[in-house]
Amino acid sequence: KGVEAGGAECDIFQVAETLPEEVLAKMGAPPKKDYPIMEVATMTEYDGFLFGLSGRYGMMPAQIKAFMDATGSHWQAGALVGKAAGTFVSVGTQGGGQEMVNLSCMPFFAHQGMVFVPLGYVNPKVFSFDETHGASPWGSGTFAGPDGSRQPSDLEKEVAESHGKHFATVAAKLAK
């Protein structure tokens, strides 16, 4: 919603799963949504990327890391230089490494020459202590709970929308 409110078109992709189905079943992983798989070659067609990340021990998931590691040809060609990059996260608990997940993407963005667009405090509700929320200056986010059952709150959704709008506005300026 927020990216579109900022005047941008938004395509939602997922990266390829790296774990076998039997492992996912033993983990109790929920089924994947029916989004298309992002291909490395397709990245050059976009002005920016807002990466949605789940936290794994304070780091990005291995699937995202594998995708990023496959972009060497873009790095060598400078194909992603100047493109906007941002993150939003979901971690299990308040000690789940929310800010570290965002930070784990910075080497990729820097090596590719991408411009990191943080949430900052464009929405003053990031300062809110009225309820638990997953927003930080690095990006919007949520706490899913230890079992993954908690859904984003209205506050988290509002902050995420403002993040998306801010990201789209900055990405449009960079794309000119």
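Everything here concerns the structure above.
Since we're looking at a predicted model, the values are computed, not measured.

Trainee: Is there a simple way to think about a nonpolar patch on the surface in this case?
Mentor: Judged by side-chain polarity, Leu19, Val23 and Met27 come together as a nonpolar surface patch covering roughly 240 Å² of accessible area. Note on placement: Leu19 falls in the loop between helix 1 (2-5) and helix 2 (21-27). Residue Leu19 is classed as partly exposed on the basis of its relative accessible area, which comes to 32%.

Trainee: Honestly, the environment of Pro146 in this entry has me stumped. Any pointers?
Mentor: Note on placement: Pro146 falls in the loop between strand 4 (141-143) and helix 7 (154-175). Separated by 50 residues in sequence, Pro146 and Gly96 place their C-alpha atoms 9.2 Å apart. Ignoring any residue separated from it by four or fewer positions in sequence, one finds Pro146 in contact with Gly92 and Thr93.

Trainee: Even after reading the chapter, I still don't get the pattern of salt bridges, so can you show me in this structure?
Mentor: Any two side chains of opposite charge can pair, on the condition that their charged atoms come close. Taken as a whole and judged by the stated rule, the model has five salt bridges. Its salt-bridge partner being Lys1, residue Glu161 comes within 3.8 Å of it at the nearest N-O pair. Of this pair, Glu161 sits in helix 7 while Lys1 sits in the segment before helix 1, and the two are 160 residues apart along the sequence. We classify Glu161 as partly exposed; its relative accessible area is 34%. For Lys1, a relative accessible area of 75% translates into the label exposed.

Trainee: What is the right way to read the packing of aromatic side chains from this model?
Mentor: Here the distance between the centres and the angle between the planes together describe a pair of aromatic rings. Summed over all chains, the structure comprises eight aromatic pairs. In textbook terms, an aromatic cluster arises when at least three aromatic residues are bridged by ring pairs, as seen for Phe13, Tyr46, Phe49, Phe51, Phe108, Phe109, Phe116 and Trp138.

Trainee: Please clarify how helix 3 (residues 62-69) should be interpreted in this entry.
Mentor: Every α-helical turn comprises 3.6 residues, leaving residues that sit three or four positions apart pointing alike. Every buried residue belonging to helix 3 is among Gln63, Ile64, Phe67 and Met68, and all of these are buried. One side of helix 3 carries all its buried residues, which in axial view fall inside an arc of 135 degrees. Away from its buried face, by an angle of more than 90 degrees, helix 3 presents the exposed residues Ala62 and Asp69. Tucked inside the fold, the buried residues of helix 3 contact strand 1 (48-54) and helix 6 (106-112).

Trainee: Can you walk me through the nonpolar core in this structure?
Mentor: If you look at soluble globular proteins, the nonpolar side chains tend to sit buried side by side. Residues Phe49, Phe51, Leu53, Met68, Phe108, Phe109 and Met114 are the most contacted members of the largest nonpolar core, which totals 23 residues. Elements supplying a minimum of two residues to this core: strand 1, helix 3, strand 2 (84-91) and helix 6. Setting aside chain neighbours within four positions, we find Phe109 in contact with Phe51, Met68, Ala85, Gly86, Thr87, Met114 and Phe116. Within the second largest apolar cluster, five residues are counted, among which are Leu119, Val126, Ala135 and Leu155.

Rules of the game
Residues numbered from 1 in each chain as written. Predicted model: local features only at pLDDT ≥ 70, side-chain atom pairs only at ≥ 80, totals over all residues. Heavy atoms only, no water. Patch = residues over 30% accessible without salt bridge, like charges linked within 9 Å, V, L, I, M, F, W, Y side chains within 5 Å. Areas by Shrake-Rupley, 256 points an atom, 1.4 Å probe, with all protein chains shown as cover. Salt bridge = Lys/Arg side-chain N within 4 Å of Asp/Glu carboxyl O. Helix = DSSP H or I, 4+ residues; strand = E, 2+ residues; numbered from the N terminus. Buried < 20%, exposed > 50% of the residue type's maximum accessible area, 1.4 Å probe, protein only. Contact = heavy atoms within 4.5 Å. Phe/Tyr/Trp six-rings, centres within 6.5 Å; stacked < 30°, edge-to-face > 60°. Arc of directions from axis to C-beta. Core = buried A, V, L, I, M, F, W, Y, C linked by side-chain atoms within 4.5 Å.

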